[in-house]
Amino acid sequence: MNAALKFATYQDVLDAPGHVVTELAHGVLNTQPRPGPRHARAAGRTLTSLDDPFDFGRNGPGGWLILTEPELHLGRDVLVPDLAGWRRERMPKLPDTAFFELAPDWLCEVLSPSTARFDRAVKMPMYAQAGVGFLWLIEPSSKTLEVYALQPGKKWLLVDTFAGEETVRPVPFDAVPFNLSDLWAE
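Caption draft 1: Quick peek at the pairing of strand β7 (residues 106-110). Burial analysis of β7 places five of its five residues in the buried class, the great majority of the element. Burial along β7 is two-sided: the residues Trp-106, Cys-108 and Val-110 and Leu-107 and Glu-109 are all buried. Relative to β7, strand β6 (residues 83-87) is paired through three bridges, and the arrangement is antiparallel. Looking at the pairing, Leu-83 lines up with Cys-108 of β7.

Caption draft 2: Structural context of the pattern of salt bridges. Scanning the model with the defined rule gives eight salt bridges in all. Residues Lys-123 and Asp-119 are paired through a salt bridge, measuring 3.6 Å at the closest nitrogen-oxygen approach. Taken as a pair, Lys-123 and Asp-119 lie in helix α3 (residues 116-130) at a separation of four residues, close to a single helical turn. Linked through salt bridges whose partners overlap, the residues forming this network are Glu-23, Glu-109, Asp-119 and Lys-123.

Caption draft 3: Region of interest: unusual backbone geometry. The residue after Val-171, namely Pro-172, is reached through a cis peptide bond having omega 5 degrees. In this fold, Pro-172 is placed in the loop between β11 (167-168) and β12 (178-179). With a phi close to 45 degrees, Glu-69 is a non-glycine residue in the positive phi region. Relative to the assigned elements, Glu-69 resides in the loop between β3 (64-68) and β4 (72-74). Glu-69 sits in the partly exposed class, given a relative accessible area of 31%.

Caption draft 4: The arrangement of the layout of surface pockets in detail. Roughly 210 Å³ of volume is contained in the largest pocket. At the level of elements, β1 (20-25), β2 (28-33), β7 and α3 are the ones that each hand at least two residues to the lining of the largest pocket. Its residues assigned to classes, the lining of the largest pocket comprises six nonpolar, six polar and seven charged.

Caption draft 5: Just helix α2 (residues 37-56), in detail. Relative to the 28 Å expected for 20 residues at 1.5 Å per residue, α2 spans 27 Å between its end C-alpha atoms, a close match to the ideal helical length. The principal kink in α2, of about 45 degrees, is found at Leu-50, preceding the proline Pro-53 by one to four residues. Inspection of α2 places His-39, Ala-42, Ala-43, Thr-46, Leu-47, Ser-49, Leu-50, Pro-53, Phe-54 and Asp-55 among the buried residues, and these make up the whole buried set. Along its buried surface, α2 packs onto β3, β6, β7, β8 (134-139), β12 and α4 (181-184). Once α2 ends, the next one or two residues include Gly-57, with phi positive near 80 degrees.

Caption draft 6: Focus on the sheet that holds β7. What the six strands build is an open sheet, ordered β3-β6-β7-β8-β9-β10; its pairing is mixed. The sheet is open, and its two edges are formed by β3 and β10 (155-163), each paired on a single side. Within the sheet, the average angular offset between the axes of one strand and its neighbour, ignoring direction, is 15 degrees. Here α2 sits on the sheet in contact with β3, β6, β7 and β8, set at roughly 160 degrees to β3.

Caption draft 7: Seen up close, the environment of Leu-24. Turning to its location among the elements, Leu-24 is positioned in strand β1. Assessed through its relative accessible area of 3%, Leu-24 is described here as buried. Expressed as a C-alpha distance, the spacing of Leu-24 and His-73, which sit 49 residues apart in the sequence, is 9.3 Å. Leaving out residues up to four positions away in the same chain, Leu-24 has contacts with Ala-8, Thr-9, Tyr-10, Val-13, Leu-29, Arg-76, Asp-77, Val-78 and Leu-79.

Caption draft 8: Up close: the nonpolar core. If you look at the biggest cluster of nonpolar residues, it comprises 25 residues, and the most contacted ones within it are Trp-106 and Trp-136. Mapped by element, the contributors of at least two residues to this core are α2, β3, β7, β8, β9 (144-151) and α4. Of the residues forming this core, the biggest block, five residues, is contributed by α2. Once residues lying within four places of it in the same chain are set aside, the contact partners of Trp-106 are Leu-50, Trp-64, Ile-66, Leu-83, Ala-84, Gly-85, Val-132, Phe-134, Trp-136, Pro-172 and Phe-173. Trp-86, Met-91, Ala-116 and Trp-156 belong to the second largest nonpolar core, which has 23 residues in total.

The rules behind these values
Residues numbered from 1 in each chain as written. Predicted model: local features only at pLDDT ≥ 70, side-chain atom pairs only at ≥ 80, totals over all residues. Heavy atoms only, no water. Buried < 20%, exposed > 50% of the residue type's maximum accessible area, 1.4 Å probe, protein only. Helix = DSSP H or I, 4+ residues; strand = E, 2+ residues; numbered from the N terminus. Pairing = 2+ DSSP bridges. Salt bridge = Lys/Arg side-chain N within 4 Å of Asp/Glu carboxyl O. 1 Å grid on protein atoms, 1.4 Å probe; cavity = no way out; pocket = protein on both sides within 12 Å on 5 of 7 lines; lining within 4 Å. Points joined across faces, edges and corners; volume = space filled by probe spheres on them. Nonpolar A, V, L, I, M, F, W, Y, C, P; charged D, E, K, R; others polar. Expected span 1.5 Å × (residues − 1). Bend = angle between axes of the 7 residues up to and from the residue. Contact = heavy atoms within 4.5 Å. Axes fitted to C-alpha atoms, helices over the stretch in contact; angles between N-to-C directions. Core = buried A, V, L, I, M, F, W, Y, C linked by side-chain atoms within 4.5 Å.

Coordinates in, geometry out; function isn't part of it.
Here it is as structure tokens:
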């Protein structure tokens with residue numbers, strides 16, 4: 001006799017140890033260690049590159065709300081991207097909850113050897129189904145940035161791949177350039 005499958009719930013997310021990142025995808029609980037130094041550095045530097053011109057509107061167009069590691073509730077799924085951004089016309093103020101039910105307009109995942117498969121194979125399709133408009137995948141080990149745009153039929157289109165030390169203008173933040181080398185700085 002087969003044992004009945006037990007689907008994880010949000011309570012399982014809440015009960016997980018605080019030293020891990022816990023996500024709930026398709027009823028399965030996924031835990032991963034906190035990001036390593038290069039991962040954390042790339043995420044932090046990406047936020048630094050975007051925050052002033054796009055969130056605060058300093059030397060840039062503004063119009064965005066950009067956050068680190070928000071807890072997204074996309075239906076029954078609970079995902080935690082490295083960075084997320086909402087256009088202010090869609091989310092003029094932060095919700096009073098500890099999580100977000102409105103899918104972001106842009107997401108960024110920093111890939112680590114322990115997270116790359118889950119980010120690509122599980123989370124990317126879920127983000128597409130939720131209607132996220134743009135997705136960046138940053139891989140510090142190869143010093144690359146992949147930029148995806150959501151297409152009709154909720155499919156991702158690879159728009160650009162940037163590498164190394166170049167100055168880039170990736171969508172949807174193409175109004176202000178930034179240098180990729182900032183993301184890899186030791």
